[in-house]
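Close look at the chain arrangement
The chain contents come next:
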Amino acid sequence: MFAGDKMRKCFLFLIAIVSVPAMLLAAEIKLPENLHAQAVVKKGGRDGLWEKTLIVSFKERRRTLATFDGLLDAMAAVNHAAHPLLWGNSMGGHKKVAKPYTDQVYEMVAADLKLDKSDIAKMATAADMDNLAVVTLEQKPFTVTVLATAGAKTNALRAGVDMSSHVEGEEQHGTINIMVLTNARLTDGAMARAIVTVTEGKTAALQDLQVPSSYTKGAQATGTGTDSVIVVSGITGPKASYAGGHSLLGSLIGKATYQAVVEALGKQNGFKLPAKTK
């Protein structure tokens, strides 16, 4: 009987391991203290395929501008990554699948954080979160951290040249997601200008990496059709009403974005900066 009980316990233990819920494993990302944020990547799976979610959470509401959610007073910012096959059904004739899938993910994250889904700034990607790039630049009185995931092998395009026929909900996959954290207390206008600066830094990285358009032969890509940005205002730093390249804050945002995109595309797609000639 003892051997039977032991075997039964082992069997139940194995069942428990196999049936663990998604997002069980977590890895913390250390952020500068003056950003007053906690970052973690939670890893799990669905249907035997990986899911990895970057969650940046705050103890108090933070003014945030996101290209998906618009302006909000967020308690968390999320970048959800999933195996391409989890997105695949929505792009292969079942285009109504993607939104319910991401809704389920965000509802699960919100429940885990004991928040409402509307309290979270959101973006999603098929790029592997293991290839996340985290770049922090500091020059008094400012601190800027950029967290970026990037994929540009199949969806890179040149704005103003490439033409799409897709409509709402039919966008192709492969994306560059950029999250910006700063200690600066940003006005709404500064957050909007920060997105312009982020875009400039991202495009400069694509140009230096010589990433081609996926649609027009010989054209230099300026981004992908699904790029997303989240900018989170700080609470203790100087007030900033401008985040363009002629400011110290904007310079830090642009440089950190450039470095993070170069690193993320190198990890994900193998793009490398050309060797410098003497």
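Here the structure is a predicted model, which is why all the values come from computation and not from measurement.

**Comments concerning the overall build of the protein chain**
When helices and strands are counted, the protein chain shows 5 helices and 13 strands. Long-range contacts, defined here as pairs at least 24 residues apart, represent 72% of the contacts in the protein chain between residues at least 6 apart. Counting every atom, the protein chain has about 14400 Å² of accessible surface; 57% of that belongs to carbon and sulfur.

**Observations regarding helix 4 (residues 188–209)**
Over its 22 residues, helix 4 runs 32 Å from end to end, which matches the ideal 32 Å to within 8%, given 1.5 Å per residue. Once helix 4 ends, the next one or two residues include Gln-210, with phi positive near 60 degrees.

**Digging into the nonpolar core**
Core analysis: the largest hydrophobic core is formed by 40 residues, its most contacted members being Val-211, Leu-249 and Leu-265. Among the elements of the structure, strand 6 (133–139), strand 7 (142–150), strand 9 (176–182), helix 4, strand 12 (228–232) and helix 5 (248–269) are those that each provide at least two residues to this core. Of all the elements, helix 5 adds the most residues to this core, at 9 residues. When residues no more than four places from it in sequence are discounted, the contact partners of Leu-249 are Phe-142, Val-144, Thr-182, Ala-184, Leu-186, Ala-240, Tyr-242 and Ala-243. One finds Phe-58, Leu-72, Ala-81 and Val-232 within the second-largest nonpolar core, a separate group that totals 23 residues.

**A few points about the environment of Ala-204**
By secondary structure assignment, the location of Ala-204 is in helix 4. Ala-204 gets classed as partly exposed once you look at its relative accessible area, which sits at 29%.

**Looking at helix 5**
Helix length check: helix 5, at 22 residues, gives a terminal C-alpha distance of 31 Å against a target of 32 Å (1.5 Å per residue), a fit within 8%. Looking at the residues trailing helix 5, positive phi occurs at Gly-270, about 80 degrees.

**Remarks on the pattern of salt bridges**
Applying the stated criterion to the full structure yields 14 salt bridges. Here Lys-52 and Asp-130 are joined by a salt bridge, their closest N and O atoms 2.8 Å apart. One end of the pair, Lys-52, is in strand 3 (residues 49–66); the other, Asp-130, is in the loop between strand 5 (120–125) and strand 6, and 78 residues separate them in sequence. Using a relative accessible area of 9% as the deciding quantity, one classes Lys-52 as buried.

**Digging into the packing of aromatic side chains**
The full count for this structure, using the stated rule, is 0 aromatic pairs. Of note, Lys-52 hangs over the ring of Trp-50, and the distance from its end group to the ring centre comes to 4.8 Å. Lying over the aromatic face of Tyr-106, Lys-122 brings its terminal NZ or CZ to 5.9 Å of the ring centre.

**A closer look at the confidence of the model for the protein chain**
In low-pLDDT segments, the atomic positions of the prediction should not be examined closely. Averaged over every residue, the pLDDT of the protein chain is 87; residues scoring 70 or more account for 83%. Taken as a whole, residues 9–23 scores under 50 in pLDDT and shows 12 contacts with residues more than four places along the chain or in a different chain.

**What to know about the pairing of strand 6**
Direction of pairing for strand 6 relative to strand 7: antiparallel, over a ladder of 7 bridges. Bridge pairing links Gln-139 to Phe-142 in strand 7. Two successive antiparallel strands, strand 6 and strand 7, enclose a turn made up of 2 residues.

**Focus: the packing of helix 4 against helix 5**
Relative orientation of the contacting elements helix 4 and helix 5 amounts to 40 degrees, with a least axis distance of 8 Å. In terms of orientation, helix 4 lies oblique with respect to helix 5. Our pair here, helix 4 against helix 5, has a crossing hand that is right-handed. Facing Ala-194, Thr-197, Val-198, Gly-201, Lys-202, Ala-204, Ala-205, Leu-206, Asp-208 and Leu-209 of helix 4, the residues of helix 5 in contact are Gly-250, Ile-253, Gly-254, Thr-257, Tyr-258, Val-261, Val-262 and Leu-265.

How each quantity is defined
Residues numbered from 1 in each chain as written. Predicted model: local features only at pLDDT ≥ 70, side-chain atom pairs only at ≥ 80, totals over all residues. Heavy atoms only, no water. Helix = DSSP H or I, 4+ residues; strand = E, 2+ residues; numbered from the N terminus. Contact = heavy atoms within 4.5 Å. Areas by Shrake-Rupley, 256 points an atom, 1.4 Å probe, with all protein chains shown as cover. Expected span 1.5 Å × (residues − 1). Core = buried A, V, L, I, M, F, W, Y, C linked by side-chain atoms within 4.5 Å. Buried < 20%, exposed > 50% of the residue type's maximum accessible area, 1.4 Å probe, protein only. Salt bridge = Lys/Arg side-chain N within 4 Å of Asp/Glu carboxyl O. Phe/Tyr/Trp six-rings, centres within 6.5 Å; stacked < 30°, edge-to-face > 60°. Lys NZ or Arg CZ within 6 Å of the ring centre and 35° of its normal. pLDDT = per-residue confidence, 0-100. Pairing = 2+ DSSP bridges. Axes fitted to C-alpha atoms, helices over the stretch in contact; angles between N-to-C directions. Parallel < 35°, antiparallel > 145°, perpendicular 65-115°, else oblique. Left-handed = near helix turned anticlockwise from the far one by under 90°.

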